[in-house]
Amino acid sequence: MQFKHPEILYFLFLLVIPILVHLFQLRKFKKEYFTNVKLLKELQLQTRKSSSIKKWLLLATRLLLLAALIFAFAQPFLPAKDSKAQNNELILLVDNSFSMQAKGSEGELLKKSIQDILENIPENQTVSIVSPSKSFWDITPKSILKELQNLQYTSYSFQPDYLLSQVENKKPNTTKDYIFITDGVDVSSEKTTDLVQKGTLYGIFPKAENSANCSIDNISISAITDSFYEISVSLSKNGNVTDNILFSIVSDSGETVAKSTISFENDKNEKVLKINVPKKDFKGKAILEDNSLPYDNTFYFSLSKPKKLNVLVIGTPEKNNFIRKIITPDEFQLTETTLDQLDFSSIEQQHTIIINEPENITPSLSNTLLAFYEKGGNLIIIPSENSNVENLNTLLSQLGNLRVNELQQNEKLITEIHFEHPLYKNVFEKKIHNFQYPNVQTYFPVSGTISSILSFEDQSPFLSWITNKKGNAFIFSAPINKKLSNFQNSPLIVPTFYNMAQYNSGTAQTHYTIGQNEQLFIETGIGKDQVLSVQNESYSFIPLQQVLNTKVKISFGDYPEQAGNYSIVHGQDTLANVSFNYPRTESDLQKINSSFFDTFTKINSVSTALNELDSERNDTGLWKWFIITTLLLLFIELLIQKFVK
């Protein structure tokens, strides 16, 4: 036992006072002579003994009472086991990702956790609360009650190591205690093991009652007809989902476009719905109605009526016949010209330029095409068997790290399709391995850093792709006229050239994912001091943008913060509709990393952690017990005075 004010113990010398008083009160009995009667002598003896016992009892009680009172003022205490950590800062890392929308036994996991914090942290205790989307430093929870109660769910995953780095940057060189509040869905960490050596690590891991969940993962255009878009809606389930689920597509105006009831077969976790919608501008959402996470039950998407794109073909009319059949007037504005009749001023107005087997690409044309590419244009380069290799390499080297070697005169089969390339998105329902391989009779060997779209049997590229994230260049390594190749007769010719011609046009783009830094090219002309904004009824922002001739390249970065349908606006004019959805990274509630919990001291509430910290780090005060002892002794003295004769 130790004392906060040991100097007060000097007052124990005051215990001498009751002893002195007791000694002065000892009186000699005066002799009284009575008749020599034996009974009176016995009464005299009993009275003397009784009076002496009472005085000794009172003396002992008063000495103990005064000593207990002195000890109480000296404030005795039992020292804490971990008193050195008494000034540690308390940090709460709270998971507000979408998986915390799940319901536990007492409601939504996040809402219950916030309530636990507000109810159990004392009003005068300063803490810091850090979440994936928002941080509160050195606050008392009651002072930000509304902010905590209104803390929104976020698409950002709960990444402990990232949040711990934030804490260290904000509070370096301080000792800390941590309370983690997370459901553990897809959570991992390398830093929590080290924290155990530096401070106490508590974990509250609320659990969802129902881990089964359905989600809408994607919507894409699978086919286009004269009047309709066929859209594919990709659905998935996690866990045992046996109930029928209501599915619908609703426009922003409230019109129900499609409605059905779906169910998953027991052995399948994915399902694809095919739905036709009119081939016109459309802005709406697909909706699922299940009893689990709500955030992934809504998928926003927009469809745009195709606009005619300007395509310029530089080549001879007889070699352009196959292009005319693919680049049709209903979707493209096709312009044909030979190299010697080319109007250089028209290049800036094009979306795609096809260099169709010219014998020589002049330096002036090369520089013009390079500028077109750097400002976001699409280039399709088909070499001629008589191409000037030196001039061709001048252009290719400026586009990227690419060059061709002298023409080779031997046959090669085109055997490999790179299905994952965006050029073939939604073209194939499944990967095709056995098809009628097209061939070429001559080819230019290609070297350099390239991305191959179609490859020969020896894995060398037939169709390559280069991009600077603005423009795109598609380079064939062989002539494809009918004399030297049968590629024009292959089923690949139509989707390949059609998709290259409208690549990055934004036509019929359905949606973007928040946080993926997606890009969009808008066909419009604005001044350098003008900007485009993205907005809907409740939210707006100005994205990063770059003016490129007749286009504006928009980079969305991490914006917007909320999923929904938006419009791209210039002044009062709406240029395009775009939709944004949250990533589906939190949809699988069964992806709980149980090994993550092993590092922690598991608790059920914040109050448990605070009580344990208090008992281990705060001294146990004993002064209250000495006050109680003083009062008890005072009561005992009264009893002695009253009942002891």
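Below, the structure is looked at part by part. If you're wondering where the values come from, they're calculated on a predicted model, not measured in any experiment.

### Observations regarding the sheet that holds strand 14 (residues 270–278)
Paired through their backbone hydrogen bonds, the strands of a sheet run either parallel or antiparallel. Ordered by their spatial adjacency, 3 strands build an open sheet running 10-11-14, and the pairing between neighbours is antiparallel. Among the strands making up the open sheet, the edge pair consists of strand 10 (213–224) and strand 14. Shown here is a sheet whose adjacent strand axes are inclined to one another by a mean of 25°, direction ignored. Alignment of strand 10 against strand 11 (residues 228–238), held across 10 bridges, turns out to be antiparallel. Each residue of the ladder has a partner; that of C214, found in strand 11, is K237.

### Describing a nonpolar patch on the surface
Together, L632, F635, I636, L638, L639 and F643 give the surface a local cluster of nonpolar side chains, amounting to about 590 Å² of exposed area. Relative to the helices and strands, L638 resides in helix 12 (residues 623–643).

### Focus: the pairing of strand 8 (residues 176–181)
Among the 6 residues in strand 8, 6 count as buried, and that is most of the element. Two elements, strand 3 (residues 89–94) and strand 8, share 6 bridges in a ladder whose sense is parallel. The partner of L92 across the bridge, within strand 8, is I179. In this structure, strand 8 lies alongside strand 9 (residues 201–204), joined through 4 bridges in parallel fashion. Among the inter-strand pairings, F180 is bridged to a residue of strand 9, identified as G203.

### A look at the environment of G471
Mapped onto the secondary structure, G471 falls in the loop between strand 26 (461–467) and strand 27 (472–476). Taking the C-alpha atoms as reference points, G471 and L399, 72 residues apart in sequence, are found 9.8 Å from one another.

### Focus: the side chain of S248
Considering the arrangement of structural elements, one finds S248 in strand 12 (residues 245–251). Taking relative accessible area as the criterion, S248 reaches 8% and is therefore assigned buried. For S248, the contacting residues outside a window of four places in its chain are A258, K259, K285, A286 and I287.

### A few points about the packing of aromatic side chains
In total, this model carries 29 aromatic pairs according to the counting rule given. Pairing F205 with F600 gives two aromatic rings, centres 5.5 Å apart and planes at 80°, and the pair type is edge-to-face. Linking F205 in the loop between strand 9 and strand 10 with F600 in the loop between strand 35 (573–581) and strand 36 (601–602), this pair joins segments that are 395 residues apart in sequence. On the basis of relative accessibility, which here comes to 18%, the residue F205 falls in the buried class. A relative accessible area of 8% places F600 in the buried class. With centroids separated by 5.7 Å and ring planes inclined at 85°, the aromatic side chains of F332 and Y498 adopt a geometry described as edge-to-face.

### Observations concerning the pattern of salt bridges
Following the criterion strictly, the structure yields 8 salt bridges and no others. Note that K176 is salt-bridged to E168, the shortest N-O span being 3.3 Å. Residue K176 is classed as buried on the basis of its relative accessible area, which comes to 5%. We note a salt bridge from E357 to K319, for which the minimum N-O separation is 3.1 Å. Pair noted here: E357 is in the loop between strand 19 (352–356) and helix 8 (363–374) and K319 is in the loop between strand 17 (309–314) and helix 7 (321–326), with a separation of 38 residues, a long-range link. Relative accessible area serves as the criterion here: at 5%, E357 is assigned to the buried category. Using a relative accessible area of 25% as the deciding quantity, one classes K319 as partly exposed. Where salt bridges share partners, they join E89, D138 and K171 into one cluster.

### Some details on the pairing of strand 26
The buried count for strand 26 comes to 6 of 7 residues, which makes it a mostly enclosed element. Direction of pairing for strand 25 (residues 451–456) relative to strand 26: antiparallel, over a ladder of 4 bridges. Residue L454 lies in a different strand from strand 26, and its bridge partner there is L463. Adjacent in sequence and paired antiparallel, strand 25 and strand 26 are bridged by 4 residues, among which Q459 carries a positive phi angle near 75°. As judged from the 5 bridges shared by strand 26 and strand 27, these two strands associate in the antiparallel manner. Paired with W465 across the bridge in strand 27 is F474. In this structure, the hairpin formed by strand 26 and strand 27 is closed by a connection of 4 residues, where K469 is found at a positive phi of approximately 75°.

### Overview of the sheet that holds strand 30 (residues 533–535)
The 5 strands lie next to each other as 28-35-34-30-31, forming an open sheet whose pairing is mixed. Among the strands making up the open sheet, the edge pair consists of strand 28 (512–513) and strand 31 (540–541). In the sheet, strand 30 pairs with strand 34 (residues 564–570) via 3 bridges, with the strands oriented antiparallel. Looking at strand 34, one finds that V534 is bridged to I568.

### Some details on the nonpolar core
Within the largest apolar cluster, 53 residues are counted, with the highest numbers of intra-cluster contacts made by L92, I129, I179 and I568. The element best represented in this core is helix 3 (residues 109–120), accounting for 5 residues. Core analysis: the next-biggest nonpolar cluster, separate from the first, contains 35 residues, V311, I323, I326 and F474 among them.

### Remarks on unusual backbone geometry
Backbone torsion omega between Y559 and P560 reads -5°, so that peptide bond is classified as cis. If you trace the backbone, P560 turns up in the loop between strand 33 (551–555) and strand 34. Its identity is not glycine, yet D138 carries a phi of approximately 50°, on the positive side. Secondary-structure assignment places D138 in strand 7 (residues 135–139).

### Brief notes about helix 8
With 12 residues, helix 8 ought to run about 16 Å at 1.5 Å a step, and its terminal C-alpha atoms sit 16 Å apart, in line with that. Every buried residue of helix 8 is accounted for by L365, S366, L369, L370, F372 and Y373. Relative to the axis of helix 8, the buried residues are bounded by an arc of 160° and lie together on one face. Check the buried side of helix 8 and you find it contacts strand 17, strand 19, strand 20 (378–382), helix 9 (389–399), strand 26 and strand 27.

### Observations regarding the environment of L163
If you trace the backbone, L163 turns up in helix 5 (residues 160–170). Since its relative accessible area comes to 1%, L163 is described here as buried. When the C-alpha positions of L163 and S131 are compared, they lie 7.4 Å apart, and in sequence the two are 32 residues distant.

### Things to note about the packing of helix 8 against helix 9
Packing of helix 8 against helix 9 leaves a shortest axis separation of 10 Å and a crossing angle of 20°. Judged on the interaxial angle alone, helix 9 and helix 8 are roughly parallel. Here the hand of the crossing between helix 8 and helix 9 comes out right-handed. Facing helix 8, whose interface residues are S366, N367, L369, L370 and Y373, helix 9 presents T394, L395, Q398 and L399. For the contact of helix 8 with helix 9, the residue count by class is 5 nonpolar, 4 polar and no charged.

Parameters and conventions
Residues numbered from 1 in each chain as written. Predicted model: local features only at pLDDT ≥ 70, side-chain atom pairs only at ≥ 80, totals over all residues. Heavy atoms only, no water. Pairing = 2+ DSSP bridges. Helix = DSSP H or I, 4+ residues; strand = E, 2+ residues; numbered from the N terminus. Axes fitted to C-alpha atoms, helices over the stretch in contact; angles between N-to-C directions. Patch = residues over 30% accessible without salt bridge, like charges linked within 9 Å, V, L, I, M, F, W, Y side chains within 5 Å. Areas by Shrake-Rupley, 256 points an atom, 1.4 Å probe, with all protein chains shown as cover. Salt bridge = Lys/Arg side-chain N within 4 Å of Asp/Glu carboxyl O. Buried < 20%, exposed > 50% of the residue type's maximum accessible area, 1.4 Å probe, protein only. Contact = heavy atoms within 4.5 Å. Phe/Tyr/Trp six-rings, centres within 6.5 Å; stacked < 30°, edge-to-face > 60°. Core = buried A, V, L, I, M, F, W, Y, C linked by side-chain atoms within 4.5 Å. Expected span 1.5 Å × (residues − 1). Arc of directions from axis to C-beta. Parallel < 35°, antiparallel > 145°, perpendicular 65-115°, else oblique. Left-handed = near helix turned anticlockwise from the far one by under 90°. Nonpolar A, V, L, I, M, F, W, Y, C, P; charged D, E, K, R; others polar.

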